[in-house]
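Survey of secondary and tertiary structure
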Amino acid sequence: MDREQEEQVEDVAQVEQEDSDTEDVVFEPTSMDLDTAMQESRTAVHLFFNNKFDEAWELLRPWVGSSMYHTVGNAVFHFLEAVLTFEPESIQKASAALKQSIQLCNFYRKRQTLSESFGKMVKKQNYDHYTPEAIHAELCYAESLLLKSMLTFIEDESLVNFIKGGIKIRSCFNSYKECANILHQRHWTDETHKVHFESGVRMGIGAFNLMISLLPSRIIKLLEFIGFSGSKELGLKELHLGYDLKQGLRHVLSVMTLLSYHLITVYVLSHSDGDLQLCDEILKSQLKLYPEGAWFLYFKGRLELMRGNISDSCAWYIKSWNSQSVWPQFHHLCFWELMWAHSLALEWEQANVYATLLMKESKWSRTTYAYQKCSILLMSEDALSTEVQESIDTLMKNLPRWKKRVAGKSLPMEKFCIKKSERYWAQDRKLVLPVFELLYVWNMFKVLGKKWSLVEAVFIIVDKTLNLMNSGKLKISSAYEADNRGLLLLLKGGCLHQMNSPLQAEECLNSVLTLEKKIKEDHYLVPYALVQLGIIHFQQGAHQKAIQILEDAKKNYTGYSLESRLHFQIHSALLELNSKDKKGSHDVIESTHM
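All values reported here derive from a predicted model rather than from experimental measurement. (Residues numbered from 1 in each chain as written. Predicted model: local features only at pLDDT ≥ 70, side-chain atom pairs only at ≥ 80, totals over all residues. Heavy atoms only, no water.)

Within the chain, the regular secondary structure consists of 28 helices and two strands. Taken over 594 residues, the chain has a buried fraction of 57%. Considering only residue pairs separated by 6 or more positions, the chain has 70% of its internal contacts joining residues 24 or more positions apart. Carbon and sulfur atoms make up 51% of the accessible area of the chain, which totals about 26,400 Å². (Helix = DSSP H or I, 4+ residues; strand = E, 2+ residues; numbered from the N terminus. Buried < 20%, exposed > 50% of the residue type's maximum accessible area, 1.4 Å probe, protein only. Contact = heavy atoms within 4.5 Å. Areas by Shrake-Rupley, 256 points an atom, 1.4 Å probe, with all protein chains shown as cover.)

Counting residues in each nonpolar core, the largest one holds 192 residues, and the members touching the most others are Trp 295, Phe 296 and Phe 436. By residue number, the principal contributor to this core is helix 7 (residues 132-155), which donates eleven residues. Setting aside anything within four residues of it in sequence, one finds Phe 296 in contact with Phe 49, Val 252, Val 255, Met 256, Leu 259, Leu 283, Gln 286, Leu 287 and Tyr 290. (Core = buried A, V, L, I, M, F, W, Y, C linked by side-chain atoms within 4.5 Å.)

It is worth spelling out the pattern of salt bridges at this point. Counted by the stated rule, this structure contains 24 salt bridges. As a salt-bridge pair, Asp 463 and Lys 492 come within 3.0 Å of each other at their nearest N and O atoms. Pair noted here: Asp 463 is in helix 23 (residues 452-471) and Lys 492 is in helix 24 (residues 481-498), with a separation of 29 residues, a long-range link. Accessibility expressed as a relative area gives 17% for Lys 492, which makes it buried. Here the salt bridges do not stand alone but share partners, grouping Lys 420, Arg 423, Glu 437, Asp 483, Glu 521 and Asp 522 into one network. (Salt bridge = Lys/Arg side-chain N within 4 Å of Asp/Glu carboxyl O.)

One can find Ile 418 in helix 20 (residues 412-426). Residue classification places Ile 418 among the buried positions, given a relative accessible area of 11%. In this structure the C-alpha to C-alpha distance between Ile 418 and Tyr 371, which are 47 residues apart in sequence, comes to 8.1 Å. Other than its neighbours up to four places away in sequence, Ile 418 contacts Thr 367, Leu 399, Pro 400 and Lys 403.

This part covers helix 21 (residues 434-441). In terms of burial, helix 21 is largely enclosed, as eight of its eight residues are buried. Within the sequence span of helix 21, burial applies to Pro 434, Val 435, Phe 436, Glu 437, Leu 438, Leu 439, Tyr 440 and Val 441. Phi turns positive one or two residues past the end of helix 21, at Asn 443, with a value near 65°.

A few words on the confidence of the model for the chain. A residue-level look at the chain finds 85% of positions with pLDDT of 70 or above and a mean pLDDT of 87. Confidence drops under a pLDDT of 50 for residues 1-16, and excluding neighbours within four residues, the segment shows 14 contacts in the predicted structure. Here residues 580-585 is modelled with pLDDT under 50, and outside its nearest four sequence neighbours on either side it reaches zero contacts, counting other chains as well. (pLDDT = per-residue confidence, 0-100.)

Glancing now at the side chain of Arg 565. Note that Arg 565 resides in helix 28 (residues 563-577). The residues touching Arg 565, leaving out its near neighbours within four places in the chain, are Met 413, Val 441, Trp 442 and Tyr 528.

An α-helical segment advances 3.6 residues per turn. Residues three or four places apart therefore align on the same side. Taking 1.5 Å as the rise per residue, helix 20 with 15 residues should run 21 Å; its terminal C-alpha atoms sit 21 Å apart, in good agreement. Where helix 20 is concerned, the buried positions are Met 413, Glu 414, Phe 416, Cys 417, Ile 418, Lys 420, Ser 421, Arg 423 and Tyr 424. Those residues of helix 20 hidden inside the fold are in contact with helix 18 (366-377), helix 19 (386-398), helix 21, helix 24 and helix 28. Where helix 20 ends, the next residue or the one after it, Asp 428, has phi of about 55°, a positive value. (Expected span 1.5 Å × (residues − 1).)

Quick look at unusual backbone geometry now. The backbone of Leu 433 shows a phi angle near 40°, a positive value even though the residue is not glycine. Take Leu 433: it is sitting in the loop between helix 20 and helix 21. When its relative accessible area of 10% is taken as the criterion, Leu 433 is described as buried. Even without being glycine, Leu 562 reaches a positive phi, approximately 55°. Mapped onto the secondary structure, Leu 562 falls in the loop between helix 27 (543-556) and helix 28. In this structure Leu 562 comes out as buried when scored by relative accessible area, which is 6%.

Before going further, it helps to examine the packing of aromatic side chains. Tallied over the full model, the rule gives 31 aromatic pairs. For the pair Trp 321 and Phe 335, a centre-to-centre distance of 4.8 Å together with 90° between the ring planes defines the contact as edge-to-face. Remark: Phe 335 occurs in helix 16 (residues 328-344) and Trp 321 occurs in helix 15 (residues 310-322); sequence separation between them is 14 residues. Taking relative accessible area as the criterion, Phe 335 reaches 2% and is therefore assigned buried. One aromatic cluster is present, formed by Phe 48, Phe 49, Phe 53, Trp 57, Phe 77, Tyr 290, Phe 296 and Trp 327 through successive ring pairs. It is Lys 520 that lies over the ring of Tyr 480; its NZ or CZ is 4.7 Å from the centre. A cation over an aromatic ring shows up here: Arg 565 above the ring of Trp 442, its NZ or CZ 4.1 Å from the ring centre. (Phe/Tyr/Trp six-rings, centres within 6.5 Å; stacked < 30°, edge-to-face > 60°. Lys NZ or Arg CZ within 6 Å of the ring centre and 35° of its normal.)

This part is about the packing of helix 18 against helix 19. Where helix 18 contacts helix 19, the two axes come as close as 9 Å, and the packing angle between them is 150°. Taken together, helix 18 and helix 19 sit at an angle that is classed as roughly antiparallel. For the pair helix 18 and helix 19, the crossing hand works out as left-handed. When helix 18 is examined against helix 19, the residues Ala 370, Tyr 371, Lys 373, Cys 374 and Leu 377 are found in contact with a partner set consisting of Val 388, Ile 392, Leu 395 and Met 396. Classifying every residue of the contact of helix 18 with helix 19 by side-chain character gives eight nonpolar, no polar and one charged. (Axes fitted to C-alpha atoms, helices over the stretch in contact; angles between N-to-C directions. Parallel < 35°, antiparallel > 145°, perpendicular 65-115°, else oblique. Left-handed = near helix turned anticlockwise from the far one by under 90°. Nonpolar A, V, L, I, M, F, W, Y, C, P; charged D, E, K, R; others polar.)

On to the side chain of Ser 67, then. Within the fold, Ser 67 resides in the loop between helix 3 (53-60) and helix 4 (68-85). Among the polar contacts listed, one links the side chain of Ser 67 to the side chain of His 70, at a separation of 2.8 Å. For Ser 67, the contacting residues outside a window of four places in its chain are Thr 30, Met 32, Ala 37 and Leu 104. (Polar contact = N/O pair within 3.5 Å; in protein donor to acceptor, adjacent residues only side chain to side chain.)

What follows deals with the packing of helix 25 (residues 502-514) against helix 26 (residues 525-539). Where helix 25 contacts helix 26, the axes come no closer than 9 Å and their chain directions differ by 155°. Judged by the angle between their axes, helix 25 and helix 26 are roughly antiparallel. As helix 25 runs across helix 26, the sense of the crossing is left-handed. Two secondary-structure elements touch here, helix 25 through Pro 502, Ala 505, Glu 506, Leu 509, Asn 510, Val 512 and Leu 513 and helix 26 through Leu 525, Val 526, Ala 529, Leu 530, Gln 532, Leu 533, Ile 536 and His 537. Residue composition of the contact of helix 25 with helix 26, grouped by class: eleven nonpolar, three polar and one charged.

This paragraph deals with the environment of Leu 147. Inspection of the secondary structure assignment puts Leu 147 in helix 7. Not counting chain neighbours up to four residues away, the residues in contact with Leu 147 comprise Val 76, Phe 79 and Leu 98.

Okay, the environment of Ser 31 next. With respect to the helices and strands, Ser 31 occurs in the loop between helix 1 (3-20) and helix 2 (34-49). Overall, Ser 31 belongs to the exposed group, its relative accessible area being 69%. Between the alpha carbons of Ser 31 and Ser 66 there is a distance of 8.5 Å; along the sequence they are 35 residues apart.

Written as structure tokens, this is what we have:
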């Protein structure tokens, strides 16, 4: 270990102290009582999800730094903005707000003397002696740590930040265990306090378990999560219980977590489907409460997209986009979804409208947006006009210099796009079905499978292009013949899988594997084809064969494009395949049986 690494480790050892230390911050007991604070926070939540963002912040702002719930609420809103925008300034503001929240919660938390700490080890703690402020401080502290750890993972990709996140999650884990003990062992005299507290415990433990369960084992090891893990089943169970507590202050956070998991996370990180029936039920109730709420209008659009209802999804996304103008970043989220929805329907002109808007307005990744726009323009079956060709050339030349560097590294998707721009020039300004390739790596072929008309239209184009290649009529560089053939076979196999033709799909995917030694650059094609094969065998009931193939893809391939994304999908599939095996000895946090 060199000196720089030693210094990083020393920095990490201090990170928890830095976040929790209150000696340098002077807090005065707030004049606002706990009940009023919770009621005002509840009002702020309703304002926020009704698009009245400024009013929600104005309600919280006077008490930020003195009232726990106002301070945590302020930090949650900043966190949502940071996650939505991924902009450094927003992330820094969220980080500062969460640190302030952690420090204030520490001020109100129950302080353990040495004798009390020792006594706690040998006999059950009497939580009836805790003040209401101390109890809620423990919960708010756990929530702030959970959000801070999640924010740490998106701040940058350096090793020290992964370890920092791991340390925060360890503290969060212990704090939520304490909250679960309080919930079940305290004799509650105020039912309102209990409902608000329980809704937070259920939401936090649910989100915690769900988040950890999604991480591939190699990341968990990197974060040093030795000795405990997350349970997806427990996480979903707790979130359902939090959702059922309609009067709880954190009810809407359980709602948001469930919708995000079933409508986004599952579809990006796995080959499974989310619980769309549950999401439909949740959205019906939430849209009654927040009929113009941008978040829930967006999720309704996402639900219809996952059902394959393209025109309905577009209508809901547009309604979400038009529902507010305070957060333009939310518009960009809708533009992103609209671009892909129209691409799935092969509506290239409309898809280009939103690709162009993203390029002009969003700061997330101009490199990615530029490549997506080029890919859409290149999908036209007609000869490109001189103007369009010049536009594509200009974007392809410039997109490499727009790449961002995070902790000295490029974003994986940007690296993928830059490689493809280089291929564009190497193949005499041509690419093979670039949007279908993007749809595949973004794991959107599952949406095609929801409607026969969608997948059939894509299959026809892929099959036609492959036939042109076989006949020698596809005028494209022969230097990348194996790469282009492998891509077309992967896409065809993906379509056939969604068309319920597993044997034909297997034939295509096995053909990709035979090209492994001939592929010049697109080495990702082989492990991605293997994982697709594993999923097909899984769905056909050949579980042991599926496990063998997935383990092969995980262990024998490395250094290819978008590797981490595929590892999440492998982890999810293996988790599902092994779910019937005996449970491991890991310690998971649970609120129902302590």
